[in-house]
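The lines below spell out each chain.
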Amino acid sequence: MRRLAALTLTAAVLVGGATAPAEAGRAESTYQRQAVKATNAARTAQGLKPLRTTDCLQRAAVRQARLMAQREEMFHQDIGAVLADCGLSTVGENVAYGYPSGRSVVRDGWMESEGHRANILNGAFRLIGLAARKGHDGRWYVAQVFGAKG
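Residues numbered from 1 in each chain as written. Predicted model: local features only at pLDDT ≥ 70, side-chain atom pairs only at ≥ 80, totals over all residues. Heavy atoms only, no water.

- Under the annotation held in an unreviewed UniProt entry, the protein chain carries the name CAP domain-containing protein and is attributed to Nocardioides anomalus.

## Brief notes about the pairing of strand S5 (residues 140-148)
Reasoning step 1: With 9 of its 9 residues buried, S5 lies for the most part within the structure.
Reasoning step 2: The alternating pattern of S5 places Trp 140, Val 142, Gln 144, Phe 146 and Ala 148 on one face and Tyr 141, Ala 143, Val 145 and Gly 147 on the opposite face, and all of these are buried.
Reasoning step 3: Relative to S5, strand S3 (residues 90-97) runs antiparallel, the two being bridged by 8 bridges. Across the sheet, Tyr 97 pairs through a bridge with Tyr 141, a residue of S5.
Reasoning step 4: Bridge count for strand S4 (residues 127-134) against S5 is 8 bridges, and the pairing is antiparallel. Bridge pairing in S5 places Lys 134 opposite Trp 140.
Reasoning step 5: Linking two consecutive strands that pair antiparallel, namely S4 and S5, is a turn of 5 residues; a positive phi of about 85° is found at Gly 138 within it. (Buried < 20%, exposed > 50% of the residue type's maximum accessible area, 1.4 Å probe, protein only. Helix = DSSP H or I, 4+ residues; strand = E, 2+ residues; numbered from the N terminus. Pairing = 2+ DSSP bridges.)

## Here we look at the packing of aromatic side chains
Reasoning step 1: The tally for this structure, following the rule as stated, stands at 3 aromatic pairs.
Reasoning step 2: Here Tyr 97 and Tyr 141 contribute two aromatic rings whose centre-to-centre distance is 5.4 Å and whose plane-to-plane angle is 15°, an arrangement assigned as stacked. Within this pair, whereas Tyr 97 is found in strand S3, its partner Tyr 141 is found in strand S5, the two being separated by 44 residues in sequence.
Reasoning step 3: On the basis of relative accessibility, which here comes to 0%, the residue Tyr 141 falls in the buried class. (Phe/Tyr/Trp six-rings, centres within 6.5 Å; stacked < 30°, edge-to-face > 60°.)

And the structure:
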């Protein structure tokens, strides 16, 4: 089963698995790299600038993906906290589970859903953090966090 969820927040509006750790780390890194590359390909195809990864958004994405994998359920984090923690004016989040690769979560999941596609193609976003973690159920849990400053 595959599921998706999208969320966006603007400051103005609000004034695990069975594999060895090294193997899992490589798999996570590959998944994440594929997803960021597919996200930026979708953006540039629409004439938008590619997104840059940032440490703060990456930490937020890792935290969320890890929590979803541990609980084996999909849910959004408090992106208001991400807004404040990372000093951003706008943040958005796409989450998903069950997609076998970083390319598939973007192409077959988020880009096929109006709300998720809107986050990916939001021209105000300039920054990204993306993380994928496997739950004990063997499914990938993915968090894609977007942001913009000022």
